[in-house]
Amino acid sequence: MGKKIAVIGTGYVGLVTGVGLADFGNKVICVDIDRAKINMLNHGQIPIYEPGLKEIMDKNVREGRLSFSTDIANAIQRSEVIFIGVGTPPKENGEADLSYVESAVESIAENLNDYKVIVTKSTVPIGTNRWIKEKIIEKSGKTNFNVISNPEFLREGKAVHDFFHPDRVVIGYESEKAKEIMKDVYRSLYLIETPFVFCNLETAELIKYASNAFLATKITFINQIANLCEAVGADVHVVAKAMGMDGRISPKFLHPGPGYGGSCFPKDTKALVQIGKRYGVEMSLVNEVIRANEEQKKRMVIKLERMLGNLKGKTIGILGLAFKAGTDDMRESPAIVIINELLKKGAKIKVHDPQAEENARKIFGDLIEHHDNEYKAMKDADALVILTEWNQYRSLDLEIASKLMKGNIILDTRNIFDPLKTRELGFVYEGVGRK
Ligand code: UDX
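Everything numeric in this text was worked out from a predicted model, so none of it was measured.

On to the overall build of the protein, then. Regarding its fold elements, the protein presents 19 helices and 14 strands. The C-alpha atoms of the protein give 23 Å as radius of gyration, which agrees with the globular expectation for 435 residues (22 Å, within 12%). Projected onto its principal axes, the C-alpha positions of the protein cover 70 × 45 × 40 Å. Put simply, the protein has 435 residues, and 55% of those count as buried. Summing over all exposed atoms, the protein offers an accessible surface of approximately 19,300 Å²; the carbon and sulfur share of this is 52%. Of the side-chain charges in the protein, 60 are positive and 58 negative, and the distance between the mean point of each set is 1 Å.

A few words now on the packing of helix H5 (residues 99-110) against helix H6 (residues 128-140). With their axes 9 Å apart at the nearest point, H5 and H6 run at an angle of 45° to one another. One finds that H5 runs oblique with respect to H6. Crossing of H5 against H6: the hand is right-handed. Contact residues: H5 offers Val101, Glu102, Val105, Glu106, Ile108 and Ala109, while H6 offers Trp131, Ile132, Lys135, Ile136, Lys139 and Ser140. Looking at the contact of H5 with H6, its residues break down into 7 nonpolar, 1 polar and 4 charged.

Below, the discussion takes up the domain arrangement of the protein. If you check the domain split of the protein, you get domain 1 (4-199) and domain 2 (244-430). Taking only C-alpha atoms, the centre of domain 1 and the centre of domain 2 are 33 Å apart. Listed per partner, the contact involves 16 residues of domain 1 and 18 residues of domain 2. Here domain 1 packs against domain 2, burying approximately 1,400 Å² in sum over the two surfaces, 51% of which is carbon and sulfur.

Let us look at helix H14 (residues 334-344). Each full turn of the α-helix corresponds to 3.6 residues, which orients residues three or four apart in the same direction. Among all positions of H14, only Pro334, Ala335, Ile336, Ile338, Ile339, Glu341 and Leu342 are buried. Residues of H14 that are buried sit in contact with helix H13 (284-308), strand E9 (315-319), strand E10 (348-352) and helix H15 (357-364). Within two residues after H14, Gly346 carries a phi angle of roughly 90°, on the positive side.

Moving on: the packing of aromatic side chains. In the structure shown here, the tally under the stated rule is 10 aromatic pairs. Residues Tyr173 and Phe198 carry aromatic rings whose centres are separated by 6.2 Å and whose planes lie at 90° to one another, so their mutual orientation is edge-to-face. Of this pair, Tyr173 sits in the loop between strand E7 (169-172) and helix H8 (176-185) while Phe198 sits in strand E8 (residues 196-199); the two residues are 25 residues apart in sequence, bridging distant segments of the chain. With centroids separated by 4.8 Å and ring planes inclined at 70°, the aromatic side chains of Tyr190 and Phe196 adopt a geometry described as edge-to-face. Put simply, the rings of Phe24, Phe163, Phe164, Tyr173, Tyr186, Tyr190, Phe196 and Phe198 touch in pairs and so form one group of aromatic residues. Sitting over the face of the ring of Phe153, Lys208 holds its NZ or CZ atom 5.9 Å from the ring centroid.

Membership of the largest hydrophobic core comes to 52 residues, with the highest contact counts inside it found for Leu304, Ile316, Ile318, Leu321, Ile339, Leu342 and Ile349. The contacts of Ile318, once residues within four sequence positions are left out, are Ile339, Leu342, Ile349, Lys350, Val351, His352, Val385 and Leu387. Of all hydrophobic cores here, the second largest spans 40 residues; its members include Val16, Leu53, Met57 and Met182.

Along the chain, Glu50 falls in the loop between helix H2 (35-42) and helix H3 (53-62). The buried charged residue Glu50 lacks any salt bridge partner; its closest oppositely charged side chain belongs to Lys324, at an N-O distance of 7.3 Å. Within the structure, Glu50 has its side chain in polar contact with the backbone nitrogen of Lys158 (distance 3.2 Å). Separated by 3.0 Å, the side chain of Glu50 and the backbone nitrogen of Ala159 make a polar contact.

Attention now goes to the site of the ligand. Taken together, 18 residues lie near the ligand, and Glu156, His255, Gly261, Cys264 and Arg414 sit nearest. Within the backbone of Gly261, an N or O atom sits 2.9 Å from an oxygen atom of the ligand. The backbone of Phe323 places a nitrogen or oxygen atom 2.9 Å from an oxygen atom of the ligand. Bound to the protein, the ligand loses 92% of the 660 Å² it would expose on its own. When residues in the shell around the ligand are grouped by element, the largest group, 3 residues, is from helix H10 (residues 201-232). Along the lines of polarity and charge, the residues of the shell around the ligand split into 9 nonpolar, 3 polar and 6 charged. Both domains that furnish three or more residues to the shell around the ligand are identified here as domain 1 (4-199) and domain 2 (244-430).

Rules and cut-offs
Residues numbered from 1 in each chain as written. Predicted model: local features only at pLDDT ≥ 70, side-chain atom pairs only at ≥ 80, totals over all residues. Heavy atoms only, no water. Helix = DSSP H or I, 4+ residues; strand = E, 2+ residues; numbered from the N terminus. Rg over C-alpha atoms; globule rule 2.2 N^0.38 Å. Buried < 20%, exposed > 50% of the residue type's maximum accessible area, 1.4 Å probe, protein only. Areas by Shrake-Rupley, 256 points an atom, 1.4 Å probe, with all protein chains shown as cover. Lys, Arg positive; Asp, Glu negative; His and termini not counted. Charge placed at Lys NZ, Arg CZ, Asp CG, Glu CD. Axes fitted to C-alpha atoms, helices over the stretch in contact; angles between N-to-C directions. Parallel < 35°, antiparallel > 145°, perpendicular 65-115°, else oblique. Left-handed = near helix turned anticlockwise from the far one by under 90°. Contact = heavy atoms within 4.5 Å. Nonpolar A, V, L, I, M, F, W, Y, C, P; charged D, E, K, R; others polar. Domains from an automatic or database assignment. Buried area = accessible area lost by both parts, 1.4 Å probe. Phe/Tyr/Trp six-rings, centres within 6.5 Å; stacked < 30°, edge-to-face > 60°. Lys NZ or Arg CZ within 6 Å of the ring centre and 35° of its normal. Core = buried A, V, L, I, M, F, W, Y, C linked by side-chain atoms within 4.5 Å. Salt bridge = Lys/Arg side-chain N within 4 Å of Asp/Glu carboxyl O. Polar contact = N/O pair within 3.5 Å; in protein donor to acceptor, adjacent residues only side chain to side chain. Near = heavy atom within 4 Å.

Here is the structure:
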């Protein structure tokens, strides 16, 4: 028998979680204070771009296991398990802003009519689940609930796949009763022998930060090796491949680029440094990763400037704005820093992205020229810069590109083109970490 579940927050994490849990056979109500979002969802529209999500959402709505509402009080009262999936954006100082979590916790405390399991999916600093527990006791005067820390490891663009095929499910718990309920919630995964890690609350909270900081470190490491490859004439792809053949290293997340971005790595690395500070434990390695990643973005601009001689008055065609392919998300995208630097140096910018145009308009407005087609974005450009590895750019017709462009310079920050073939067509080509 499925559980009655409320999911608070219908952003990337909340929505994918709600839809996925409904598909496991639970009865899920997703709630949000944003009326416009709930309205959209009730009309079968999805406020984010996440491949495969709509089909599963429609199916579960049709079959009566999934609904959307702004009535948080009712959703909490009728549910046994409450997932908190609200945003925890970074504050100025890098700490996570917990105000959305706090307001979710208040709603839960006000509506604690029966025993409930309160599950934190949002990424929260170490100690937050214990704080949530105390806060609810203090507000409601009741103790008929348990808290669970159940961090998410969803990649944007692959979130649906990741939800149904996780490498592991982490459950931080304090009570056996709540642990058993969580096994029920994730019964479908339990049955297909997905590894479950049961641990205390603090361990679960730290697993999330440690995992993301490690991946960000891995990317930054290969980025610096790529920079060294350029200097010594080595090929970073071969270096990464051979490194990855060592089972202890693994080949994943060794792809060099313009620096990592997104809603998780930048925020979680900064938060981890802050957590370390609070407890007097230096996170010097992670601190350096954050700094080196900023350098990597700026390095792309310096490279282009060197290739062009001067950026002032030059027209740059940019393909890709999202922080990676497969998403419309521009949060902390390297494109933001790179484009701002180019504008500062007096370049004219023409851009294309198959999904992120709307988000880009919010950031840059009319400071840059937006195009609905990659070839229009490169017309009369002195240089072409690839910032996101969208598949459609991989199959770009470079002969057409060379006719449309004014100049012949390509900076490929994602290494999607073959350097030799591109040069054979008459381009001055540079990628990252290879000749
Ligand atoms: C990440 C984590 O993978 C996920 O587990 C976590 O819970 C949320 O954050 P996401 O931000 O969606 O997911 O994207 P991911 O695919 O991990 O990429 C993050 C950034 O690193 C992107 O900017 C990407 O381009 C970059 N990256 C990734 C590299 O530059 N090189 C790589 O080898 C891998």
